[in-house]
Amino acid sequence: MFRNAHTSLCTVAVLAVLFVAALVAGAVADDPGNSNHTGNDVSLETKIASATVYSHQAQIVRRGTVSLAAGSSRILCSDLPEGFVETSLIVEGRGSAEAQIVGIDFERREDDYRGTPRYKELSEELETLHAERADLIIQRDAIKRREAMTRSVSDLSVSKGREQLAAGTFSMQEWRELLAFIEEETLAGELRLQEIREKSDEIEKRMRWIDGEMRKMRGNATGGKDLIVDCEVASAGDLTFEITYIVGGASWHPEYTVRYIEEFDEVELTYAARISQSTGEDWNGVDVLLSTASPHVGAAPPTLFPHFLGAVRGAITGRVTDATTGAPLGFANIMVVGTPYGGTTNRDGHYEIRGVESGKYTIQAGYMGYEPTRRVNIRVIAGATKRVDMALQPARISAGETATRRGMDSEDMRIRPINTVAEAIATQPGVVLHEGEIHVRGGRSSEVKMYVDAPAISYAEMTVAGSEFAANLVIAKPVELETGAEPKRVLVVQRRIPGTFVREAIPRYSDHVFVRGTLVNPLDVPILAGPAEVYVESAPAQEGPPVTNFVGKDSIQDVAPGEEFTMYLGVDQSLKVEQEIAREVLTRAGSRKTKIRYTVSIMSESFRKLPAELWVLDRVPVSMIKDVAVRDIEILPEPDEHDEEGLLTWKLTLDAGERAEIVTEYTVEFPSAFTPRGINLE
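Residues numbered from 1 in each chain as written. Predicted model: local features only at pLDDT ≥ 70, side-chain atom pairs only at ≥ 80, totals over all residues. Heavy atoms only, no water.

A. The arrangement of the side chain of N521 in detail. Counting through the fold element by element, N521 comes out in the loop between β30 (513–520) and β31 (530–538). Assessed through its relative accessible area of 2%, N521 is described here as buried. Within the local environment of N521, its side chain forms a polar contact with the backbone oxygen of A560, the two atoms lying 3.3 Å apart. N521 has contacts with P526, I527, V559, A560, P561, G562, E563 and F565, leaving out every residue within four places of it along the chain. (Helix = DSSP H or I, 4+ residues; strand = E, 2+ residues; numbered from the N terminus. Buried < 20%, exposed > 50% of the residue type's maximum accessible area, 1.4 Å probe, protein only. Polar contact = N/O pair within 3.5 Å; in protein donor to acceptor, adjacent residues only side chain to side chain. Contact = heavy atoms within 4.5 Å.)

Written out as structure tokens, the structure reads:
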């Protein structure tokens with residue numbers, strides 16, 4: 001079983017055990033005696049070496065070294081937090097001792113504070129908050145998938161709609177219902193995402209407070225479970241153990257500061273990350289990596305269902321109750337697995353999910369404190385309603401079960417350790433100089449200032465360690481962040497991005513002219529969706545430093561490396577655009593037909609010192625009604641773009657002080673029984 005060590009320092013024994021669910025079931029017997037053990041008892045003290053932070057959890061790596069004598073050794077580690085996911089545990093060892101791991105076990109410690117009602121109450125609330133936050137992330141992703149579906153529906157062109165109306169396969173009422181559906185879905189999605197963001201902030205604040213209260217109650221006590229590693233040592237020496245596990249209560253999200261440098265037509269993008277953690281353990285000088293992976297999504301794609309033409313949608317209704325008492329479970333989560341369909345029950349436990357495509361589905365119901373329940377092979381038929389009642393069994397949720405109870409299998413949580421931060425930084429130093437400018441980093445966006453004509457100073461950015469599956473953003477400096485403390489903001493990267501910039505005006509809706517930049521993500525990492533604060537740096541009227549003004553808040557969507565994206569960068573006040581609309585009724589009173597002639601005049605003027613490219617957007621109406629016609633369209637000058645939906649775009653170049661006028665005229669003819677408001681004309 002063992003090899004003789006020719007040199008004590010060169011011989012390396014690698015010990016690795018993946019602690020899986022089956023081992024947990026058999027091992028956590030809480031047998032503190034372990035009377036069969038006759039070897040050496042050794043205490044292993046570890047420190048957190050690194051933390052890989054995901055959207056709502058973290059992978060922690062602890063390291064510690066022990067000296068082992070030949071024979072059997074029982075290694076005891078009391079450093080693991082209470083809420084770690086047992087099924088994610090990985091134990092590895094390296095060193096000069098030649099040894100083999102023969103078993104892993106847990107022993108629970110019962111400290112005085114754990115038995116107090118207040119501590120139990122806080123612990124249960126913390127578990128509930130962890131689960132609620134995981135739920136919010138799942139809901140957020142479902143809303144994004146639903147938004148993508150809505151966008152695909154909205155891509156149905158007017159011309160296709162007109163063809164279907166003409167053919168009689170699509171009524172005007174159905175067309176209006178479709179447009180109303182798109183508008184309602186978009187608005188509802190935006191409102192729900194805002195609610196999720198606000199709720200997530202509330203949960204994080206509450207978690208930090210609870211964590212602080214529990215720390216006060218624990219004092220110097222440790223509580224939780226002891227990790228026991230049994231080893232057979234062939235030759236004495238040292239072993240450095242690396243213990244890796246998943247723990248909830250940690251998260252990060254991106255924040256951006258965008259500065260449009262008008263003089264050079266460039267955008268300076270500051271990509272920052274805000275990290276929070278309430279894991280129950282302090283991070284003192286910890287190497288932190290921020291992962292773009294999404295473990296909550298799962299390893300498998302959603303199920304693809306068949307697409308039937310015709311009337312293909314049905315509904316699912318039912319009631320969710322307590323299996324033991326029959327009491328209704330209000331506000332339980334209902335999910336059609338692998339699809340964006342889902343909802344919650346009302347106070348009486350009833351639910352209804354409409355608009356479900358025909359097919360076979362798996363329905364899952366979940367409620368805090370109950371085992372999740374699934375019903376499989378539920379057949380939804382077009383035009384019909386399928387009733388699916390669910391009775392949930394009560395269950396006590398332990399910290400290690402929380403992620404699984406929220407829809408993740410333990411297989412999803414089994415994440416292998418990644419390379420060390422020291423190795424990543426050694427190969428990618430990530431130090432960048434900027435021309436003659438000092439950049440103060442690490443603070444809030446309002447603290448970022450520019451000083452010109454000063455010596456250049458370098459700043460440390462994150463480096464990247466990852467693969468095509470996910471990028472791991474390596475923070476250049478070890479992080480100090482106590483559990484429950486206020487979130488820490490760190491710099492990811494800052495880049496000046498050249499782009500194509502135009503001024504864009506939609507005078508029908510606004511008399512402002514906006515700057516639109518078309519950019520390409522130059523980074524090796526994705527730009528993740530997040531809030532952005534937008535600034536504009538303008539050259540001063542006289543000699544002196546540039547002037548930077550805050551112009552507003554915006555958001556950035558997910559952008560892959562090398563992908564093109566568009567950002568709006570505020571209002572350019574050196575350009576003015578005004579619009580006037582005149583109408584003339586061309587028919588006599590009492591006529592069967594009403595004709596109205598519209599004249600739309602748009603006047604643009606530049607007060608800039610340099611030429612400016614200005615895009616002006618407007619529209620002419622397009623009739624979707626058989627008896628309504630749009631005739632005699634005259635547009636001067638001709639637009640650069642005129643699509644089938646009546647949208648017009650002029651791409652003008654205005655010199656300093658130049659004015660330009662656009663005139664659009666058209667006549668709308670409709671039965672006099674109609675009104676302009678009734679046909680959506682005015």
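B. Region of the structure containing the sheet that holds strand β14 (residues 333–336). Taken in spatial order, the four strands line up as β15-β14-β17-β18 in an open sheet, and their pairing is antiparallel. Looking at which strands have only one partner, the edges of the open sheet turn out to be β15 (342–344) and β18 (373–380). Taking the axes of each pair of neighbouring strands and ignoring which way they run, one obtains an average angle of 20 degrees across the sheet. (Pairing = 2+ DSSP bridges. Axes fitted to C-alpha atoms, helices over the stretch in contact; angles between N-to-C directions.)

C. Focus on the pairing of strand β8 (residues 225–235). Within β8, nine of the 11 residues are buried, which leaves it mostly tucked inside the rest of the structure. Judged from the seven bridges that link them, strand β5 (residues 71–77) and β8 form a sheet pairing that is antiparallel. Bridged to I75 within β8 is V229. Bridge count for strand β7 (residues 98–108) against β8 is 10 bridges, and the pairing is antiparallel. Its bridge partner being in β8, I104 is matched across the sheet by V229.

D. How the structure looks around the nonpolar core. Counting residues in each nonpolar core, the largest one holds 66 residues, and the members touching the most others are L227, F241, Y271, I275 and W283. When near neighbours in sequence (up to four residues on either side) are disregarded, W283 contacts I48, A51, V53, A58, I60, A250, I275, Q277, V288, V479, E480 and L481. (Core = buried A, V, L, I, M, F, W, Y, C linked by side-chain atoms within 4.5 Å.)

Don't take any of this as a statement about function, it's just geometry.
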